[in-house]
Amino acid sequence: APTNDINTTVALALLTSVAYFYAGLTKKGLSYFGKYIQPTPILLPINILEDFTKPLSLSFRLFGNILADELVVVVLVSLVPSVVPIPVMFLGLFTSGIQALIFATLASAVDSKLT
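For the protein, the name recorded in an unreviewed UniProt entry is ATP synthase subunit a, chloroplastic, with Erythranthe guttata as its organism. Of the comments in the UniProt record for the protein, the one headed Sequence similarities (unreviewed entry) reads "Belongs to the ATPase A chain family."

Student: Outline the nonpolar core, listing residues and values.
Tutor: One finds A13, L58, L62, I66 and F103 forming the largest nonpolar core, which totals five residues. Ranked by residues supplied to this core, first place goes to helix α2 (residues 44-79) with three residues. Not counting the four nearest positions on each side in its chain, A13 is found in contact with P55, L58, S59 and F103.

Student: Requested: an account of the packing of aromatic side chains, with residues and values cited.
Tutor: Under the counting rule described, the total for this entry stands at five aromatic pairs. Taking the centre distance of 6.1 Å and the plane angle of 15 degrees together, the rings of F33 and Y36 count as stacked. For Y36, a relative accessible area of 10% puts it in the buried group. Among the aromatic side chains, those forming a connected cluster through ring pairs are Y20, F21, Y32, F33 and Y36. Stacked on the ring of Y36, the Lys or Arg K35 has its end atom at 4.8 Å from the ring centre.

Student: An account of the UniProt feature "transmembrane region" (unreviewed entry) in the protein is needed here, citing residue identities and associated values.
Tutor: With numbering aligned to this structure, UniProt lists the feature "transmembrane region" (unreviewed entry) at residues 6-25. Helix makes up 100% of residues 6-25 and strand makes up 0%, while its end C-alpha atoms are separated by 29 Å.

Here is what the cut-offs are and how they apply
- Residue numbers run consecutively from 1 along every chain, following the written order of its sequence.
- Given that the model is predicted, a residue must reach a pLDDT of at least 70 before its local features are reported, and side-chain atom pairs must reach 80 or more before they are shown or counted; all residues, however, enter totals for whole chains, interfaces and linings.
- Only hydrogens and water are set aside; all other atoms, that is, all heavy atoms of the structure, feed into the side-chain values.
- UniProt positions are given in the numbering used here, feature names are shortened, and annotations may be inferred rather than shown by experiment.
- What is meant by a nonpolar core is a set of buried Ala, Val, Leu, Ile, Met, Phe, Trp, Tyr and Cys residues, joined one to another through side-chain atoms within 4.5 Å.
- Relative accessibility under 20% of the residue-type maximum defines a buried residue, over 50% an exposed one, and the middle range a partly exposed one, all with a 1.4 Å probe and only protein chains included.
- Here a strand is any run of E in DSSP of at least two residues, a helix any run of H or I of at least four, and the numbering for each starts at the N terminus.
- For this analysis, residues touch if any pair of their heavy atoms sits within 4.5 Å.
- Only Phe, Tyr and Trp rings take part, Trp by its six-membered ring, and two of them pair if their centres are within 6.5 Å. Stacked means planes under 30 degrees apart, edge-to-face means over 60, and tilted covers everything else.
- Both a distance and an angle decide whether a charge sits over a ring: NZ of Lys or CZ of Arg must be within 6 Å of the ring centre and within 35 degrees of the ring normal.

Structure representation (structure tokens):
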């Protein structure tokens, strides 16, 4: 799977974050940065930290789940090379679809703060 490489998942997560900042700046202008001091300016470091940890979380979640699926299939193929790995491969396809849905949902949930 292409997302079996950490570089790919990090690139996807960073692209999502850049798109989020771009959308926020084009919609609200410089007042977009006012979200960092909401509801109180004391939370400024935590709100900034949130923007740095979000791509990290997205990339590790996607990478870990896809890598785990790949490893399970490889182990099953090496142990029982006949019919047993096929249902696990279909389960991997289902899991990959769910991961794509989760990634898109988290990216759009981040974007919903712009309204």
